[in-house]
Amino acid sequence: MNYLLEIDNISTAYGHSQVLFGVNLQIPQGEVVSLLGRNGAGKTTTLRSIFGLTPAYQGHISFMGQHIEKLTTDRIARLGIALVPEGRQIFPNLTVKENMLAFATNRNNSKTPWGLEQIYQLFPRLAERASNMGNQLSGGEQQMLAISRALMTNPHLLILDEATEGLSPLVREEIWSCLRKLREQGQTILVIDKYVEKLIPLANHHAIMERGKIVWQGNSEQLAATPETWQKYVGV
Ligand code: ATP
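Residues numbered from 1 in each chain as written. Predicted model: local features only at pLDDT ≥ 70, side-chain atom pairs only at ≥ 80, totals over all residues. Heavy atoms only, no water.

A.B. asks: Mind showing me how you'd approach the overall build of the chain here?
C.D. replies: When its secondary structure is counted, the chain shows ten helices and ten strands. Taken over C-alpha atoms, the radius of gyration comes to 17 Å for the chain, in line with the 18 Å a tight globule of 236 residues would show. When the 236 residues of the chain are sorted by exposure, 51% land in the buried category. For the chain, contacts bridging at least 24 residues in sequence account for 67% of all contacts bridging at least 6. (Helix = DSSP H or I, 4+ residues; strand = E, 2+ residues; numbered from the N terminus. Rg over C-alpha atoms; globule rule 2.2 N^0.38 Å. Buried < 20%, exposed > 50% of the residue type's maximum accessible area, 1.4 Å probe, protein only. Contact = heavy atoms within 4.5 Å.)

This is the structure in structure tokens:
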């Protein structure tokens, strides 16, 4: 199997407090993988370890065949991993267009890289808001901008941490629809979210975390067939 990202038995701690206990996760090229679990299960910490923000003290993380667990966040990002962080973190004092252009680069050497035109087709709302400042946007528009900014780096792997958090059902639908389009284009995605019923048709593979461990893994068919699993570990 050709994995784009392979997390092999990582353990991570904040100071003396161990949070991840031997996490294994594989993300195949061109697929969408979901990471599920209750608050505090260790999902964000797994992302922080992938990015070198809170490096794993044990285990390996391979990206396109290269060990990255000892690299700096900056180098990891330049290899072509883009994070849409929880809380969006867009620049409030830059316009929508400037926010995107600040990130424009072609990390996966795409022949048809993301540019403003393609982004505006994906999210027409951002075209209307192009000269608005980041802090003048609604929560949904900020989220669209956060996703667009990540896409402007043309990443091999796009990671979304709770991208639909705090959004209205209508705007959430726009985000899901965007992710479906990205999947159709072959974008590899790791998505953390709590809407299992939305993730089942979107993702190919699902992993559930509890107390810093992966406690269940399977495909969409298997997840759909075991609602008791979600109730137990995800609480929906
Ligand atoms: P959430 O959806 O609430 O972010 P999560 O599954 O992403 O949940 P993490 O944020 O990875 O969970 O948190 C896992 C554990 O690590 C929790 O017990 C949390 O209290 C702890 N933790 C998170 N960040 C820190 C930190 N900076 N210092 C110490 N402990 C932390």
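A.B. asks: Please explain the sheet that holds strand β6 (residues 81-84) as it appears in this structure.
C.D. replies: Whenever strands of a sheet pair, they do so through backbone hydrogen bonds, lying parallel or antiparallel. Ordered in space as β6-β7-β8-β3-β9-β10, the six strands form an open sheet in which the pairing is mixed. Looking along the sheet, the strands with just one partner apiece sit at the ends: β6 and β10 (213-219). Pairs of neighbouring strands in the sheet enclose a mean axial angle of 15°, with direction left out of account. Bridge analysis of strand β7 (residues 157-161) against strand β8 (residues 188-192) gives five bridges, and the strand direction is parallel. Its bridge partner lying in β8, Leu-157 is registered against Thr-188. The strands touched by helix α1 (residues 43-50) within the sheet are β3 (32-36), β6, β7, β8 and β9 (205-210), with β8 carrying the most contacts at an inclination of about 145°. Running over the sheet, helix α7 (residues 169-184) touches β3, β7 and β8 and is turned about 150° from β8. (Pairing = 2+ DSSP bridges. Axes fitted to C-alpha atoms, helices over the stretch in contact; angles between N-to-C directions.)

A.B. asks: When you look at the nonpolar core in this model, what are you seeing that I'm missing?
C.D. replies: The nonpolar side chains of a soluble globular protein tend to be buried with one another. With 46 residues, the main nonpolar core has Leu-158, Leu-160 and Leu-179 as its most contacted residues. Contact partners of Leu-179, with chain neighbours within four places excluded, come to Leu-160, Ile-189, Val-191 and Leu-202. Counting residues in each nonpolar core, the second largest holds 28 residues, with Ile-27, Phe-63, Ile-68 and Ala-207 among its members. (Core = buried A, V, L, I, M, F, W, Y, C linked by side-chain atoms within 4.5 Å.)

A.B. asks: Even after reading the chapter, I still don't get unusual backbone geometry, so can you show me in this structure?
C.D. replies: Trans peptide bonds make up most of the peptide bonds, and negative phi angles are found at most residues other than glycine. Despite not being glycine, Asn-9 has its phi angle at roughly 60°, a positive value. Structurally, Asn-9 can be placed in strand β1 (residues 3-14). Accessibility expressed as a relative area gives 37% for Asn-9, which makes it partly exposed. Located in the positive-phi region is Asn-154, a residue other than glycine, with phi close to 50°. Topologically, Asn-154 is positioned in the loop between α6 (139-151) and β7. Its relative accessible area of 3% is what places Asn-154 among the buried residues.

A.B. asks: Which parts of the structure should I look at to understand the sheet that holds β1?
C.D. replies: Pairing in this open sheet of four strands is antiparallel, and the strands run β2-β1-β4-β5 from one edge to the other. The sheet is open, and its two edges are formed by β2 (17-28) and β5 (66-67), each paired on a single side.

A.B. asks: Sorry if this is basic, but what is going on with the pattern of salt bridges here?
C.D. replies: Any two side chains of opposite charge can pair if their charged atoms end up close together. For the structure on display, the rule yields six salt bridges. Residue Arg-125 pairs with Glu-174 through a salt bridge whose shortest N-O separation is 2.8 Å. Within this pair, whereas Arg-125 is found in helix α5 (residues 124-128), its partner Glu-174 is found in helix α7, the two being separated by 49 residues in sequence. On the basis of relative accessibility, which here comes to 26%, the residue Arg-125 falls in the partly exposed class. The residue Glu-173 makes a salt bridge to Lys-198 at a minimum N-O spacing of 2.6 Å. Of this pair, Glu-173 sits in helix α7 while Lys-198 sits in helix α8 (residues 196-202), and the two are 25 residues apart along the sequence. Here Lys-198 falls in the partly exposed class, since its relative accessible area comes to 28%. When salt bridges that share partners are traced, they join Arg-125, Arg-129, Glu-141 and Glu-174 into one network. (Salt bridge = Lys/Arg side-chain N within 4 Å of Asp/Glu carboxyl O.)

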